[in-house]
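Residue strings, one per chain:
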Amino acid sequence: MTPPAAVAFTKVHKTYGDVRAVDGLDFAIRPGETVALLGPNGAGKSTTLDMLLGLLRPDQGTVRLFGESPSAAIRGGRAGAMLQRGGLMPGVSVRDLVRLAHRVARHPLPVAEIMRRADIEEIAARTVDKLSGGQVQRVRFALAITEDPELIVLDEPTAGMDVKARARFWENMRGLTDEGRTVLFATHYMEEADSAADRVLVMHRGTLLADTTPEGMKARAGARRLVFELDAPDPDVLRALPGAVDVVVERGRLVRLRSTDSDATAGALFRSGLRPRHLEITGLGLEEAYLSITEAGDTEQIHENLYEQEAAVR
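These figures come from a predicted structure and were not determined experimentally. (Residues numbered from 1 in each chain as written. Predicted model: local features only at pLDDT ≥ 70, side-chain atom pairs only at ≥ 80, totals over all residues. Heavy atoms only, no water.)

Caption draft 1: How the structure looks around the packing of aromatic side chains. Counted under the stated rule, the structure contains four aromatic pairs. Here Phe9 and Phe27 contribute two aromatic rings whose centre-to-centre distance is 4.9 Å and whose plane-to-plane angle is 10°, an arrangement assigned as stacked. Separated by 18 residues along the polypeptide, Phe9 in strand S1 (residues 7-16) and Phe27 in strand S2 (residues 19-29) bring together distant segments of the chain. Phe27 shares its class with Phe9; the two are buried. Ring geometry for Phe141 and Phe169: centres 5.1 Å apart, planes at 70°, overall edge-to-face. (Phe/Tyr/Trp six-rings, centres within 6.5 Å; stacked < 30°, edge-to-face > 60°. Helix = DSSP H or I, 4+ residues; strand = E, 2+ residues; numbered from the N terminus. Buried < 20%, exposed > 50% of the residue type's maximum accessible area, 1.4 Å probe, protein only.)

Spelled out as structure tokens, the structure:
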């Protein structure tokens, strides 16, 4: 038999008064996948994670982890979470906090193994209130993996970490995912989603705008980047070129232009007599693709709101 999805949202809705925090969310994550959850503030990511972990109940629809309710899966030690909210016990050493989590867990990993996987051995004797932001994140991760869960849910896991610590964190995570664990992580670092995720889910205004691979997301954006030098560039003139959707001028002459039709834009650029130098045309990075997709989502929402207003008038 095919094993159940590690995570399954089926037509899930959640509202707060007149605000639709999650609006018909429908997706599944297969066991062993690493999935990035992206979206601007207010997109519904936190509400989604809270429902996934059983902290909130959906108004409509169902949420299942490995075919079970979220609370049942978590009680069974099948899911662990590292969230931004909530503090750690002040005045307690890192080692004692991990020992406490180990003691109350049903089927915990050995304390030494938890600390090794979370890369917190060198700060074991420090009290929690004496840690940096990045070190606190690593301790939270240690608590999330205490029971060696099949599903690991991470909310902005590397917030507060420096570049070196972030690299070490994802190196450790790859060791866990290579063993078949499922990972769902929310992040604002596009390079993390690009390098670590098998799939990318983009939420916007409570709905799912995209469910694809990082490469598929870049292709879906349907735009390319033109970079060139130009003497005294006029942004208004450049924005009027066919296909141009965004123009940034740096250091007075370096132009970065995003286009939905790079051939038409480049052709018009040369025909205009502007004489660009060192022209490069490349595909969008994940961050630019993300911005392109969410901007399109805003446009669709504006059109939907206008339609609803016109219908109300009629």
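Caption draft 2: Structural context of the sheet that holds strand S6 (residues 151-155). Taken together, six strands build an open sheet; the order of strands is S5-S6-S7-S3-S8-S9 and the sheet is mixed. Only two strands of the sheet have a single partner each, and these edge strands are strand S5 (79-82) and strand S9 (207-212). Going from strand to strand, the sheet's axes swing by 15° on average, the running direction of each strand aside. Pairing of strand S8 (residues 199-204) with S9, which is carried by five bridges, proceeds in the antiparallel orientation. Residue pairing in the sheet places Val200 in a bridge with Thr212 of S9. Its contacts with the sheet place helix H1 (residues 45-52) against strand S3 (34-38), S6, strand S7 (182-186) and S8, and it is angled at close to 150° to S6. (Pairing = 2+ DSSP bridges. Axes fitted to C-alpha atoms, helices over the stretch in contact; angles between N-to-C directions. Contact = heavy atoms within 4.5 Å.)

Caption draft 3: A look at a nonpolar patch on the surface. A contiguous nonpolar surface patch, about 280 Å² in accessible area, is contributed by Met89, Leu100 and Val104. If you trace the backbone, Met89 turns up in the loop between S5 and helix H3 (94-104). (Patch = residues over 30% accessible without salt bridge, like charges linked within 9 Å, V, L, I, M, F, W, Y side chains within 5 Å. Areas by Shrake-Rupley, 256 points an atom, 1.4 Å probe, with all protein chains shown as cover. Salt bridge = Lys/Arg side-chain N within 4 Å of Asp/Glu carboxyl O.)

Caption draft 4: Representation of the nonpolar core. With 46 residues, the main nonpolar core has Leu38, Ile120, Phe141, Leu154 and Met217 as its most contacted residues. Ignoring any residue separated from it by four or fewer positions in sequence, one finds Met217 in contact with Leu38, Val200, Val202, Thr212, Leu286, Ala289, Tyr290 and Ile293. Grouped together as the second largest cluster of nonpolar side chains are 27 residues, Phe9, Ala79, Leu151 and Leu184 included. (Core = buried A, V, L, I, M, F, W, Y, C linked by side-chain atoms within 4.5 Å.)

Caption draft 5: Broad picture of the confidence of the model for the protein. Of all residues in the protein, 93% have pLDDT values of 70 or greater, and the mean over the chain is 88. Averaged pLDDT values over the elements of the protein bottom out at 56 in helix H11 (residues 286-313) and peak at 97 in strand S4 (residues 60-64). (pLDDT = per-residue confidence, 0-100.)

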